[in-house]
Amino acid sequence: MSRKYFGTDGIRGKANEKPMTAETALRVGLAAGRKFKRGDYRHRVVIGKDTRLSGYMLESALVSGFTSAGMDVFQFGPVPTPAVAMLTRSLRADLGVMISASHNSFEDNGIKLFGPDGYKLSDEVELEIEHMMDNGLNDYLAGPRELGRAKRIDDAQARYIEFAKRTFPKQLSLEGVRVVIDCANGAAYKVAPTALWELGAEVVTLGVDPNGFNINDGCGSTAPERMGQLVRERRADIGIALDGDADRVIICDENGEVIDGDKIMGLVAQSWHKEGQLSAPGIVATIMSNLALERYLKGLGLNLARTQVGDRYVVEHMRENGFNLGGEQSGHIVLSDFSTTGDGLIAALQVLAVLRAGDKPMSELCNVFEPLPQFLRNVRYRNCEPLENALVKEAIAEGERRLASQGRLVIRKSGTEPLIRVMGEGDDEKLVKAVVNDIVSAIEDAAAA
């Protein structure tokens, strides 16, 4: 069944344009509220958001929908996505909602839903909610006596800070560690610096002055250059860059060199494997993770299981197969001993634990493997299906033949934008680049036809 509203990570789009309108948010609240009313008691939903201007509009509409369905609403204000997942369970809520477009610019926004177990909803449940949104919503209205109430929860940030701090090893301290933290002017602008400082670190902040418009604007995990520069200027031991909703993280070493999600997973996997903390002999990543990570893990006697892109699919595979470490190259790191979704702050704390427990700088600790040359290009299209074009299929087949055992190709449609992503990697940099460019040219010709 085709999906009308939900993509790979909730509903997302340009604010105040379909589907990201107040009307859609109202319908989501009413439909999801009805879907998750499962007993004769006062049902509750928790709502968090990042710092986008449009968050006020969407939050108000969601509150109207949920209270109309007879659900009580707890509003957290700006908190990270993983905080919503954690607090959904902690407060025994029936549903959790995060209003965020993650790493996108302020013009976009999104709605992510979590079940009572703190995990993102399955495709099947999202499709049920979509069907309810467009069919007989008036049937789900609560009676006058059964309407829900809404209230602000003032200690949500403090609850998450304490939760995050408890994931850091008790025998360690961050005393003497200088940390640059870039919060992307997003949801973690208060909680991340506070947690690091309370653990003993000397904290240098960046991206902690949100104004509704500057989220992810030249800062955060998608633009780590300023973080790297500040690390060098302040002679910090490590730099940590979160994205707008703090469910992903990018690190840099003391020289300002960027360390992506693949290397973070490799570092944590090595440490946890040595300490006997891995619950399975390997980790879970997506088809986008570098082949060098897979080879590195194999050298440690560990496997790399791959899923389609999206941290929800990583989490599903982890749950089904008993893994406790997984993530994405982009910086979604899932540590299921602590969290049900990607958590940038908790992942950073695990890296800091490795740094603090050893006697090496970050530049040595994270030099666990050399990534293979990897090229990613995006092709935008409109009102067509370029991947169904015969010439595009021929170009892809030819590219796979040329790479053979020397590398691999990943070609997929974006789940949030009208883009086709073409990624190639391999030992021969020139060959990989030529293959990617040939396929991109074929797709661009098909999209323009």
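Look up: the structure comes first, before these words.
Draft legend 1. Focus on empty space enclosed by the protein. All told, the structure shown has two cavities of 30 Å³ or more when counted by the stated rule. Here the largest cavity defines a volume of roughly 40 Å³. In this structure, the largest cavity is lined by Thr8, Asp9, Gly10, Lys112, Leu113, Lys120, Leu121, Glu126 and Arg312. When its residues are assigned to classes, the lining of the largest cavity shows two nonpolar, two polar and five charged. Approximately 30 Å³ is the volume attributed to the second largest cavity. In terms of lining residues, the second largest cavity is bounded by Tyr119, Val315, Met318, Arg319, Val334, Ser336, Ser339 and Thr340. With three residues, the single largest contributor to the lining of the second largest cavity is helix 10 (residues 311-321). Looking at side-chain class alone, the lining of the second largest cavity contains four nonpolar, three polar and one charged residues.

Draft legend 2. Here's a closer look at unusual backbone geometry. Between lysine 18 and the following residue, proline 19, the backbone shows a cis peptide bond with an omega angle of 5°. Even without a glycine there, the phi angle at alanine 246 is positive, about 65°. Positionally, alanine 246 belongs in the loop between strand 10 (238-242) and strand 11 (249-252). Residue classification places alanine 246 among the buried residues on the basis of a relative accessible area of 2%.

Draft legend 3. Molecular detail of the nonpolar core. Core analysis: the largest hydrophobic core is formed by 77 residues, its most contacted members being Phe76, Ile240, Leu352 and Met362. Element by element, the count of residues in this core is highest for helix 11 (residues 344-357), at 10 residues. Sequence-distant contacts of methionine 362, defined by excluding residues within four places in its chain, comprise Asp237, Ile238, Ile251, Asp253, Glu254, Ile259, Leu267, Val351 and Leu355. Core analysis: the second largest hydrophobic core is formed by 32 residues, Ala25, Leu30, Leu62 and Leu121 among them.

Draft legend 4. Spotlight on the packing of helix 3 (residues 81-90) against helix 5 (residues 156-166). Contact geometry for helix 3 and helix 5: axes closest at 10 Å, N-to-C directions at 95°. Here helix 3 lies roughly perpendicular to helix 5, going by the angle between them. Across the interface between the two elements, Pro82, Ala83, Met86, Leu87 and Ser90 of helix 3 pack against Ala156, Arg159, Tyr160 and Phe163 of helix 5. When its residues are assigned to classes, the contact of helix 3 with helix 5 shows seven nonpolar, one polar and one charged.

Rules behind the numbers
Chains are numbered independently. Their residues run from 1 in the order of the written sequence. In keeping with the predicted nature of the model, local features appear solely for residues at pLDDT of at least 70, side-chain atom pairs appear and are counted solely at 80 or more, and the whole-chain, interface and lining totals rest on all residues. Side-chain numbers here rest on the full set of heavy atoms in the structure, without hydrogens or water. In this analysis, the protein atoms alone were mapped onto a 1 Å grid. Cavities are point sets where a 1.4 Å probe fits without being able to get out; pockets are open sets with protein on both sides within 12 Å along at least five of seven lines; lining residues have an atom within 4 Å of a point. Grid points are joined across faces, edges and corners, and a volume is the space filled by probe spheres set on the points. Amino acids are sorted into nonpolar (Ala, Val, Leu, Ile, Met, Phe, Trp, Tyr, Cys and Pro), charged (Asp, Glu, Lys and Arg) and polar (every other residue, Gly among them). Only DSSP runs of H or I reaching four residues or more are called helices, and only runs of E reaching two or more are called strands; each is numbered from the N terminus. Relative accessibility decides the category of a residue: with a 1.4 Å probe and only protein chains considered, values under 20% of the type maximum give buried, values over 50% give exposed, and everything between is partly exposed. In these notes, a set of buried Ala, Val, Leu, Ile, Met, Phe, Trp, Tyr and Cys residues joined through side-chain atoms within 4.5 Å is what counts as a nonpolar core. We call two residues in contact whenever any of their non-hydrogen atoms come within 4.5 Å of each other. With axes taken as lines fitted to C-alpha atoms, and helix axes fitted only over the stretch in contact, angles between N-to-C directions fall between 0 and 180 degrees. Just so you know how the angles are binned, under 35 degrees is roughly parallel, over 145 roughly antiparallel, 65 to 115 roughly perpendicular, and the rest oblique.

Structural measurements only, silent on function.
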